[in-house]
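# Observations on the model geometry
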Amino acid sequence: MRMLMFTGKGGVGKTTLAAATATRVAARGGKVLVVSTDPAHSLGDCLGSALCGEPREVTAPPGDARPDSGTAEVRFHAAETATRNLLDGVWGELREHLHTLLASSGIAEVEAAELTGFPGIEELLALAEVRRLATEGPWDTVIVDCGPTAETLRLLTLPEALSGYLERAFPRHRRVIRGVLAGAAGEPHTRRWDAAADALGRLAERLGALAGSLTDPRTSVRLVTTPESLVAAETRRTLTALSLHQIHVDGLLVNRMVPDPGSARGQAAAWMRTRRKEQREVVDGLRGLGLPLRTVEYSADEPAGPRMLRELGERIYGESDPLDGAERAPVIELSDEGADAWARYCLRLALPLGPDAEPELARVGDELAVTVDGRRRLIALPSVLRRCVVVDAAAGDDGLRVRFRPDPEQWMR
């Protein structure tokens, strides 16, 4: 199954382009589900259909944008995640077990209640619901209309972050040992511990599965932007943050390009030429990111409803496959520079860094802490580097290169 996630700064048209892509994939014969995790759901409005948490069929009649677009109707399914229902259901039971675990660990009742209501749970449940819909249905393609970039970054990085926090706070081996000790403490305490430990185990499994699905080779993010310098700058930062967490971005869609006025004259045509020139300069800068890029021009009619979305999808992708771009290069590469006695190994992080980016590095045990634009990621070092020290680091067009050399004191241990 292919999963394609759309995000971008608020108001750039990501919902429209996600829906248009869904209709185009369906027109090519795919079994498609398009689902919204945006807290401000607008997918139903875009499709002209009342949606709920379970997939509903949507029919797109043939459009008139292309003479070879065909006459057959296109059918696909759509849904909008209902995080409030998820909070009352799945998380309610899990929160009760976690509250029991924290209280039994000596944490005060009030503090335990506060800790089990941590921020971000709605985004986490929405992502879990997307995975449920994706795995339980007959789809070969799931297209996700995510929220604006800030919410999406939190959505996509939460599973890995929470999984790491969970393991640090309650390591697997400690859960097992505590379970054995609880067995000797009496039947009621054993039951409470078993329920809490089982809840933690299930949570760890779910988080691991979610994190794995986001870095799966068949999953990618498509960034939607507009040809404006401020929006493009945020797009660059988003690309760097996603790459830092090894989430693959397969392309850019630059929306709302001013049409070419051709040889028309007059004040309006002159304005269009000036604005289009400015937009082209922004687009040229985005092409330097090295990603597949498509532009989408303004149209006279608002692209709303299945028919208009089908026509828009045809204009954007033509005869090309809308799902191209799943192939990815390694984000982390290790090379052995044995001839260099000063720096034996080189670790390359394929991060698209902007000209103003100032990455920060810190060694934390067997991990390397990388901070870019205020976002931090702990990267587990390969075993060969754990007994090495950092020599230097440099940022370039191909990402961040960190050089290491063996630490004699470590190797003698």
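From a predicted model like this one, the values you see are computed outputs, not experimental measurements.

When you go through the protein chain residue by residue, the secondary structure sums to 12 helices and 15 strands. Counting every position in the protein chain, which comprises 413 residues, the buried fraction comes to 45%. For the protein chain, restricting intrachain contacts to residue pairs at least 6 apart in sequence, the fraction spanning at least 24 positions comes to 71%. In the form shown here, the protein chain has an accessible surface area of approximately 20400 Å², with 51% of it arising from carbon and sulfur atoms.

Attention now goes to helix α1 (residues 14-27). If you check α1, its first and last C-alpha atoms are 20 Å apart, about what 14 residues at 1.5 Å a residue would give, namely 20 Å. Counting buried positions along α1 yields 13 of 14 residues, so the element is predominantly enclosed. Within two residues after α1, Gly29 carries a phi angle of roughly 100 degrees, on the positive side.

A few words now on the packing of helix α9 (residues 229-244) against helix α10 (residues 267-287). When two helices pack together, you describe them by how their axes are tilted relative to each other and by the distance separating the axes. Where α9 meets α10, the closest approach of the two axes is 10 Å, and the angle between their N-to-C directions is 10 degrees. In terms of orientation, α9 and α10 fall into the roughly parallel class. The residues of α10 that touch α9, namely those facing Ser229, Ala232 and Arg236, are Val282, Gly285 and Leu286. Grouping the amino acids of the contact of α9 with α10 by side-chain chemistry returns 3 nonpolar, 2 polar and 1 charged.

This part is about unusual backbone geometry. Unlike most non-glycine residues, Gln246 shows phi in positive territory, near 60 degrees. Assignment of secondary structure puts Gln246 in the loop between α9 and β7 (249-257). The phi dihedral of Arg256 is positive, around 65 degrees, even though this residue is not glycine. Within the element layout of this structure, Arg256 appears in strand β7.

So, on to the packing of α1 against helix α11 (residues 306-317). Remark: α1 packs on α11, axes separated minimally by 8 Å, with the N-to-C direction vectors making an angle of 85 degrees. On the basis of the axis angle, α1 is roughly perpendicular to α11. Residues Thr16, Leu17, Ala19, Ala20, Thr21, Thr23 and Arg24 of α1 form the contact with α11, whose own contacting residues are Leu309, Arg310, Leu312, Gly313, Glu314, Ile316 and Tyr317. A per-class count over the contact of α1 with α11 returns 7 nonpolar, 4 polar and 3 charged.

Glancing now at α9. Counted at 1.5 Å a residue, the expected span for α9 with its 16 residues is 22 Å, and the 23 Å between its end C-alpha atoms agrees. Those residues of α9 not exposed but buried are Val231, Ala232, Glu234, Thr235, Thr238, Leu239, Thr240, Ala241, Leu242, Ser243 and Leu244. Note on α9: the residue one or two positions beyond its end, Gln246, has a positive phi of about 60 degrees.

Before going further, it helps to examine the sheet that holds strand β11 (residues 360-364). Across a sheet, paired strands are connected by hydrogen bonds in the backbone, their directions being either parallel or antiparallel. Ordered in space as β11-β12-β13, the 3 strands form an open sheet in which the pairing is antiparallel. Each end of this open sheet is capped by a strand with a single partner; those strands are β11 and β13 (375-380). Across the sheet, the axes of successive neighbouring strands diverge by a mean angle of 20 degrees, strand direction being ignored. Here strand β12 (residues 367-372) runs beside β13; their pairing, made up of 6 bridges, is antiparallel. Looking at the pairing, Ala369 lines up with Leu378 of β13. Against the sheet, α9 makes contact with β12 and β13, and its axis sits at roughly 25 degrees relative to β13, the strand it touches most.

So, on to the pairing of strand β14 (residues 388-396). Sheet topology places β14 next to strand β15 (residues 399-406); 8 bridges connect them, and they run antiparallel. The residue bridging Ala394 from the neighbouring strand is Arg401, located in β15. Taking the residues that link successive antiparallel strands as the turn, the β14-β15 hairpin has 2 residues.

Following the criterion strictly, the structure yields 18 salt bridges and no others. Note that Asp38 is salt-bridged to Lys14, the shortest N-O span being 3.0 Å. Of this pair, Asp38 sits in the loop between β2 (32-36) and α2 (43-47) while Lys14 sits in helix α1, placing them 24 residues apart in sequence. One exposure class covers both Asp38 and Lys14, and it is buried. Linking Asp336 and Arg344 is a salt bridge whose minimum nitrogen-to-oxygen distance equals 2.9 Å. Take Arg344: its relative accessible area is 31%, and that puts it in the partly exposed class.

Below, the discussion takes up the sheet that holds strand β9 (residues 332-336). The antiparallel open sheet is built from 4 strands, whose spatial order is β9-β10-β15-β14. Each of the sheet's edge strands pairs with one partner strand only, and the pair in question is β9 and β14. Going from strand to strand, the sheet's axes swing by 20 degrees on average, the running direction of each strand aside. With 5 bridges connecting them, β9 and strand β10 (residues 345-349) associate as antiparallel partners. Bridge pairing in β10 places Ser335 opposite Cys346.

Here is what the cut-offs are and how they apply
- Residues numbered from 1 in each chain as written.
- Predicted model: local features only at pLDDT ≥ 70, side-chain atom pairs only at ≥ 80, totals over all residues.
- Heavy atoms only, no water.
- Helix = DSSP H or I, 4+ residues; strand = E, 2+ residues; numbered from the N terminus.
- Buried < 20%, exposed > 50% of the residue type's maximum accessible area, 1.4 Å probe, protein only.
- Contact = heavy atoms within 4.5 Å.
- Areas by Shrake-Rupley, 256 points an atom, 1.4 Å probe, with all protein chains shown as cover.
- Expected span 1.5 Å × (residues − 1).
- Axes fitted to C-alpha atoms, helices over the stretch in contact; angles between N-to-C directions.
- Parallel < 35°, antiparallel > 145°, perpendicular 65-115°, else oblique.
- Nonpolar A, V, L, I, M, F, W, Y, C, P; charged D, E, K, R; others polar.
- Pairing = 2+ DSSP bridges.
- Salt bridge = Lys/Arg side-chain N within 4 Å of Asp/Glu carboxyl O.

These figures come from the coordinates and say nothing about function on their own.
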